[in-house]
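The primary structure of each chain is shown beneath.
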Amino acid sequence: MADATIRVALARGGWNLRAPNHPARRGTVQRPGIIGSSMKHPQHRPGPVPARHAARHAAQPAPPRPRGPRTLPALWLAAALAGFVPATQAAPIAASADPHTPDAAEQAPSTEHVLTLMLPTRDGVTPAPDTPYRVFLTGKDDAILDTPRADGILHGVTDAQGRTARIRTALPHRADDFTLLRRIGDGPWGHFFQLLRSGDDEPLPGWPYIMTMHLRWGEQWVDLGYTTRQGATAYFSHDVPAGSISLSIEGRVTADGSCFSELDAINRKFAQNDADGARERIAAMRCAKTPTQQLDLARLLLLAGQPDLARHWLMQARQRPFPQWLKPVKTDLLRERLAVQQLLGMPELVLADSNALQARQSRRDGARAPTGDDLANNTAYYLADFPDYLAQAEEQARRSLDRYGTRPYNQGTLGWILALRGQTEEGLRLMRDAYRDLPRDQEMVADYGLALWRDGQREHATRLWDEAQRECVWGVRMHSALREAAYPHPYFQPSGSSAVQAYRDRCDGPRIKAKTRSSEQT
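Residues numbered from 1 in each chain as written. Predicted model: local features only at pLDDT ≥ 70, side-chain atom pairs only at ≥ 80, totals over all residues. Heavy atoms only, no water.

Engineer: When you look at the confidence of the model for the protein chain in this model, what are you seeing that I'm missing?
Structural biologist: Caution applies to low-pLDDT regions: their predicted coordinates should not be interpreted in detail. Within the protein chain, residue pLDDT values average 80, and 77% of them lie at 70 or more. Of all secondary-structure elements in the protein chain, the lowest mean pLDDT belongs to strand β4 (residues 75-78), at 27, while helix α4 (residues 291-303) reaches the highest, 98. Residue range residues 1-106 is modelled with pLDDT below 50. Its contacts to residues more than four positions away, or to other chains, number 352 contacts. Segment residues 513-522 is flagged for pLDDT under 50; beyond a separation of four residues in sequence, or across chains, it makes one contact in the model. (pLDDT = per-residue confidence, 0-100. Helix = DSSP H or I, 4+ residues; strand = E, 2+ residues; numbered from the N terminus. Contact = heavy atoms within 4.5 Å.)

Right, dumping it as structure tokens:
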């Protein structure tokens, strides 16, 4: 299915293939190098992908809420995904695992199969026992029979030899006609990627990758590993409609083969529900000595659902024995530490590290106009999620206004904080003014609407969200705010419903920005 392929160049220093938070179909950038193909679809929606769901350019999604000047640490390519691709038609690949018999590609077609989930490591390919999986027929006019949801997709956990349950089909097939993927999670929405070589479109097997999901406070790792012999990643299943998924395939973490292999081995143990085995692997790690390595391990542990253990390693990364404590923490490490602390919900440490970074920015810029991230505003918005830190949040927001001037994004942040602190009238006034400048920013729409809702102005909030729905405004913050208000957004219907499909049919096409008064005058 060519309309699901995204061609991108491999850039020195790392690049990521990103699925934007705004609902989208596909974006392509054709360069020599590697092809990243990303599949995104509900767990259960049979049927072909209509031809009208062709490409839209990746630059079309609504931009994220501005938080002041920003710098990008690596090349990020916005890649709109092939939307809601049914699992039985999801990819132009044959199978993502070897069958348990050695001559699978040559065996006679059969209506019954038992496959073995084979996963690559740094040193080869091994069976994956006790591992969740997802299997379906690839691009065939047939489907697996007797699946729980009657959708042709079989989920399960491999046995001690890495084998699936028995698979039955109406028509005979070879083992290579199936796609078998390692599975993470069990939500109604799902994604996986396939890497292909440009030019010949050959799969790129054994390539290390990290898959991340954009959450409210940053990019969280959701999986890491090596691509299968068909170039496929694991299948990540979750409950966030139109979630933003990214794939990093060349960067600092994946470039270090021996350390990445250790992280992969730990991830496999947790995937097999073997927490004791994972801790044994952690105890034996050779790559958990430097603060950067300890922060990587903390990210992995958060991925594995071990937040307490992740915080332990975060605190290890903060330790600075003599003579290291005599020198300031490097800025790159401080930023990485700040990002992990945000994901772990540690406001006191976030505030301390943000203040340190802001002080460095001030010394660097001097009397000149400020450059770089508006860390004060970012920190204010983050601290607003913690009731005990609202006073510090307001101080940070006002610092942003003093340093960068009054802008819609920091005006909206201060308004949100004031509303949370009980100064509702002034907070709503600031948010109203900010909303006028950023009416399609999903965080602005969510916060302003929710403040109105909590103030009892529910009709006003509903009109605001109705307009946002007409304009296809969506994101992680909208998801949580509308859930709180029980607003009937189409994305809260079952993922395969006609309401969801109708919304995507309307919102996933190219959108043209309306003229503004200022643009008409230029």
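Next comes the rest of the description.
Engineer: Mind showing me how you'd approach the pattern of salt bridges here?
Structural biologist: In a structure, side chains of opposite charge can pair up when their charged atoms sit close to one another. On inspection of all chains with the given rule, the structure shows 27 salt bridges. In this structure, lysine 140 and aspartate 177 form a salt bridge, with 3.8 Å as the shortest nitrogen-oxygen distance. Here lysine 140 is found in the loop between β8 (132-137) and β9 (154-157), whereas its partner aspartate 177 is found in the loop between β10 (167-173) and β11 (178-184), with 37 residues between them in sequence. A relative accessible area of 16% means that aspartate 177 is categorised as buried. (Salt bridge = Lys/Arg side-chain N within 4 Å of Asp/Glu carboxyl O. Buried < 20%, exposed > 50% of the residue type's maximum accessible area, 1.4 Å probe, protein only.)

Engineer: Would you mind going over the environment of leucine 196 with me for this structure?
Structural biologist: Among the secondary structure elements, leucine 196 is positioned in strand β12 (residues 189-197). Look at leucine 196 and you get buried, because its relative accessible area is 6%. Taking C-alpha positions, leucine 196 is 6.4 Å from glycine 231, a pair spaced 35 residues apart along the chain.

Engineer: When you look at the packing of aromatic side chains in this model, what are you seeing that I'm missing?
Structural biologist: Aromatic ring pairs are described here by two measures, namely the spacing of the ring centres and the angle between the planes. Summed over all chains, the structure comprises twelve aromatic pairs. For the pair tyrosine 435 and tyrosine 448, a centre-to-centre distance of 5.5 Å together with 45° between the ring planes defines the contact as tilted. Separated by 13 residues along the polypeptide, tyrosine 435 in helix α11 (residues 424-437) and tyrosine 448 in helix α12 (residues 442-454) bring together distant segments of the chain. Take tyrosine 435: its relative accessible area is 15%, and that puts it in the buried class. Arranged with centres 5.0 Å apart and planes meeting at 55°, the rings of tryptophan 474 and tyrosine 491 form a pair that is tilted. Placement of tryptophan 474 in the loop between α13 (458-470) and α14 (476-484) and of tyrosine 491 in the loop between α14 and α15 (498-507) is noted, with a sequence separation of 17 residues between them. When its relative accessible area of 4% is taken as the criterion, tryptophan 474 is described as buried. Of the residues examined, tyrosine 491 reaches a relative accessible area of 2% and is grouped as buried. Counting every residue linked through ring pairs, the aromatic cluster contains Trp189, Trp474, Tyr491, Phe492 and Tyr503. (Phe/Tyr/Trp six-rings, centres within 6.5 Å; stacked < 30°, edge-to-face > 60°.)

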